[in-house]
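# Observations on the three-dimensional arrangement
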Amino acid sequence: QVQLVESGGGLVQPGGSLRLSCAASGSIFSINAMGWYLQAPGKQRELVAVITSGDSTNYADSVKGRFTISRDNAKNTVYLQMNSLKPEDTAVYYCYVQISTVSGTTYTYWGQGTQVTVSS
């Protein structure tokens, strides 16, 4: 089985920074992609950033230039460095990982979510 554990959320003032981390453990053959989604009450989860096994990245327009996604392949961990935080960034952030088995089957797993609150 695969488990994702998130950490790094919290309360920060506008203009501040946080770094989220998400570590995957379990039966992993290879990771195709890892990323972050956010979810506000009553709304669908929205993509924040994704990084592939080839280290290509994609960001939501609202976070370009402020957030940076990175990964540590040896630790099966993905990070989200969040700078110049705004109140509009307040949400629960969910990590996800897409893995492949040796046979080529893919699976997607989700973390438990971590709260980010930006307020003065």
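Presented here is an overview of the structure given in this document. Treat the numbers as computed from the prediction; the structure is a model and nothing was measured. Along each chain, residues carry numbers from 1 onward, in the same order as the chain's sequence is written. Local features in this predicted model are restricted to residues whose pLDDT is 70 or higher, and side-chain atom pairs enter the listing and the counts only when it is 80 or higher, whereas totals over whole chains, interfaces and linings include all residues. Side-chain descriptors were evaluated using all non-hydrogen atoms of the structure, hydrogens and water having been removed beforehand.

### Quick notes on the overall build of the chain
Secondary structure follows DSSP: runs of H or I at least 4 residues long count as helices, runs of E at least 2 residues long count as strands, and numbering of each begins at the N terminus. Of regular secondary structure, the chain possesses 0 helices and 11 strands. Ordered by position from the N terminus, the helices and strands of the chain form the series β-β-β-β-β-β-β-β-β-β-β. Our radius of gyration is a C-alpha quantity, and the globule rule it is checked against amounts to 2.2 Å times the number of residues to the power 0.38. Over its C-alpha atoms the chain spans a radius of gyration of 14 Å, differing by no more than 12% from the 14 Å that the globule rule assigns to 120 residues. For the C-alpha atoms alone, the extent of the chain along its principal axes is close to 50 × 25 × 25 Å. Each residue's exposure class comes from its accessible area (1.4 Å probe, protein chains only) as a fraction of the maximum for that residue type: buried when under 20%, exposed when over 50%, partly exposed otherwise. Every one of the 120 residues in the chain was classed for burial, and the buried ones make up 38%.

### Side note on unusual backbone geometry
We note that Asp55 has phi near 70°; this positive angle belongs to a residue other than glycine. Along the chain, the position of Asp55 falls in the loop between β5 (46-52) and β6 (57-59). With a phi close to 50°, Asn76 is a non-glycine residue in the positive phi region. The residue Asn76 is located in the loop between β7 (67-72) and β8 (77-82) in this model. We classify Asn76 as partly exposed; its relative accessible area is 24%.

### Let's talk about the pairing of β8
Most of β8 is tucked away, with 5 of its 6 residues classed as buried. The pairing of strand β3 (residues 18-26) with β8 spans 6 bridges and is antiparallel. Bridge assignment links Ala23 to a residue of β8, and that residue is Thr77. Sheet analysis places β7 next to β8, joined by 6 bridges and oriented antiparallel. Paired with Thr68 across the strands is Gln81, a residue of β8. When DSSP finds at least two bridges between two strands, those strands are taken to pair.

### Re the pattern of salt bridges
Between Lys or Arg on one side and Asp or Glu on the other, a salt bridge is scored when a side-chain nitrogen of the former is within 4 Å of a carboxyl oxygen of the latter. Per the stated rule, a full pass over the model turns up 2 salt bridges. Here Arg66 and Asp89 are joined by a salt bridge, their closest N and O atoms 2.8 Å apart. Of this pair, Arg66 sits in the loop between β6 and β7 while Asp89 sits in the loop between β8 and β9 (91-100), and the two are 23 residues apart along the sequence. The two residues Arg66 and Asp89 agree in class, both being buried.

### Things to note about the state of the cysteines
Put simply, a disulfide is two cysteine sulfurs that come within 2.5 Å. Taken as a whole and assessed by the stated rule, the structure comprises 1 disulfide. Linked covalently through their sulfurs, Cys22 and Cys95 form a disulfide whose S-S length is 2.1 Å. Disulfide Cys22-Cys95: the torsion about the S-S bond is -85°, which places it as left-handed. On the criterion of sequence distance, the pair formed by Cys22 in strand β3 and Cys95 in strand β9 is long-range, its members being 73 residues apart.

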